[in-house]
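Report on the structure
What follows is each chain in one-letter form.
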Amino acid sequence: MKYYKNEKIYTPRPEYTRQDVMVAIDASKTNTGMFVADRYGNILDDYEISGERSDDIYYQTWEQRKFIKTLFAGSNIVLGGIEDIITKDSHGMREHESRLKITLVYASFISAFQDYFSYTLEPINNWAWKSDVLPEQYRTRDHSKGSLDWHNDMHTKYAGRKDDITDAWCILQHLIRKHNISRAVPVSDDIEDMRPCKVFLVSGKSNMVGHNEFKYNAALNFEQNVAFLSNRLSDIAVANFFRVPISTLSIKDIYEKCYGSFAREERELITMVTKRA
């Protein structure tokens, strides 16, 4: 078995001790994609659990359970889902062996979260997440890998990844919508000195897929809100952002920080805070 975290080879260790996390899994016989997000649905990391077709399925599922136990040691699973397996009406031993493998993998993840974290993952129907998250044209037979094609066409940070990853991303978005999870982390007065960062103002209609949203705190000034976000940057490719009414911004901020194209009328702009290269 090989493990990957954010596309890099990875050795399992506890990553989310004393944290509330959400989990979304797209399991398959050889390669499983998984997203971990905070309680607000903001993505923390993605993982791949990769095996070979020749692997012993009982050893593989045992290794998967050990991975889950180690990765989430000391964490609190507040919400999680896994794509439900599809029952096929077909005959023959080859088909039986294939369905047995995916059933064992699916059940192994379910039992791991039950045994180690007292949580039962929600089975998510394939069509439910597709119809909820993907535009209609990506749900047709013209797109056998609809989620991957959508990410490729939208040029998101997950473009070019395996479809297990893009499916797992969609499952996470479906869970967030189904349970009415607020995506925005409230900005509090727990502020340190502003860390080195870049600040941009972009259109309020910008596509912010893959970035972390925060809720602007009107009791603080603009710079304090930015400082809160700068303290919580972790990945150079992922921005922290909040939506701010234009009336809150100074003319200086608008002239110095605006970037890209804007609609004729914009009531609010998105403030993006990114790490310096």
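Figured I'd write up the structure that's included with this text.

Below, the discussion takes up the pairing of strand β12 (residues 268–275). In terms of burial, β12 is a largely internal element, six of the eight residues being buried. Where strand β11 (residues 240–245) and β12 come together, six bridges link them in antiparallel fashion. Bridge pairing in β12 links N240 to V273.

A separate point is the sheet that holds strand β10 (residues 212–215). Strand order in the open sheet formed by five strands is β8-β10-β11-β12-β9, with mixed pairing between adjacent strands. Taken across any chain shown, the strands that pair with only one partner, and hence form the sheet edges, are β8 (185–186) and β9 (197–203). Across the face of the sheet, helix α6 (residues 222–230) comes into contact with β8, β9, β10, β11 and β12 while running at roughly 160 degrees to β11.

The biggest cluster of nonpolar side chains holds 48 residues, and the ones touching the most others in it are I25, M34, F67, I68, F72, F109 and F113. Secondary structure elements with two or more residues in this core: β3 (20–26), β4 (31–38), β5 (43–50), α1 (57–71), β6 (76–83), α2 (93–117), α3 (126–133) and α5 (163–178). Ranked by residues supplied to this core, first place goes to α5 with eight residues. Not counting residues within four places of it along the chain, the set of residues in contact with F72 comprises Y16, V21, V23, M34, V36, I77, F113 and F117.

Between α3 and α5, the least distance of the axes is 9 Å, while the angle of their chain directions is 80 degrees. Judged on the interaxial angle alone, α5 and α3 are roughly perpendicular. The segment α3 lies against α5, with A128, W129, D132 and V133 engaging D167, W169, C170, I171, Q173, H174 and R177. Taken together, the residues of the contact of α3 with α5 sort by class into six nonpolar, two polar and three charged.

Side chains carrying opposite charge are able to pair once their charged atoms draw close together. Tallied over the entire structure, the rule returns 18 salt bridges. In this structure, E15 engages K5 in a salt bridge whose closest nitrogen and oxygen atoms are separated by 3.3 Å. You can see E15 sitting in the loop between β2 (8–9) and β3 and its partner K5 sitting in strand β1 (residues 2–5), a full ten residues away along the chain. Take E15 and K5: they sit in the same class, and that class is buried. Of the charged contacts, one joins E192 and R195 as a salt bridge, the two residues approaching to 2.8 Å between their closest N and O atoms. A network of salt bridges, in which partner residues are shared, links E7, D46, E48, R161 and K162.

Reading guide: rules and limits
Position numbers for residues count from 1 along each chain, tracking the sequence in the order it is written. Per-residue local features are limited, in this predicted model, to residues with pLDDT of at least 70; the limit for side-chain atom pairs, both in listing and counting, is 80 or more; totals at the level of whole chains, interfaces and linings are taken over all residues. Excluding hydrogens and water, the side-chain figures rest on all heavy atoms present in the structure. Each residue is placed in one exposure class: buried if its accessible area under a 1.4 Å probe, protein chains only, is under 20% of its type's maximum, exposed if it is over 50%, and partly exposed if it falls in between. Put simply, DSSP marks the helices as runs of H or I at least four residues long and the strands as runs of E at least two long, and each gets a number from the N terminus on. Between any two strands, at least two bridges found by DSSP are needed for them to pair. Should any heavy atoms of two residues lie within 4.5 Å, those residues are considered in contact. To obtain each axis, a line is fitted to C-alpha atoms, and for helices this fit is confined to the stretch in contact; angles are then taken between N-to-C directions over 0 to 180 degrees. Think of a nonpolar core as a cluster: buried Ala, Val, Leu, Ile, Met, Phe, Trp, Tyr and Cys residues, connected wherever their side-chain atoms sit within 4.5 Å. With respect to orientation, any angle under 35 degrees is reported as roughly parallel, any angle over 145 as roughly antiparallel, any angle of 65 to 115 as roughly perpendicular, and every other angle as oblique. In this count, Pro and Cys sit with the nonpolar residues alongside Ala, Val, Leu, Ile, Met, Phe, Trp and Tyr, while Asp, Glu, Lys and Arg are called charged and the others, Gly among them, polar. Here, a salt bridge means any Lys or Arg side-chain nitrogen found within 4 Å of an Asp or Glu carboxyl oxygen.

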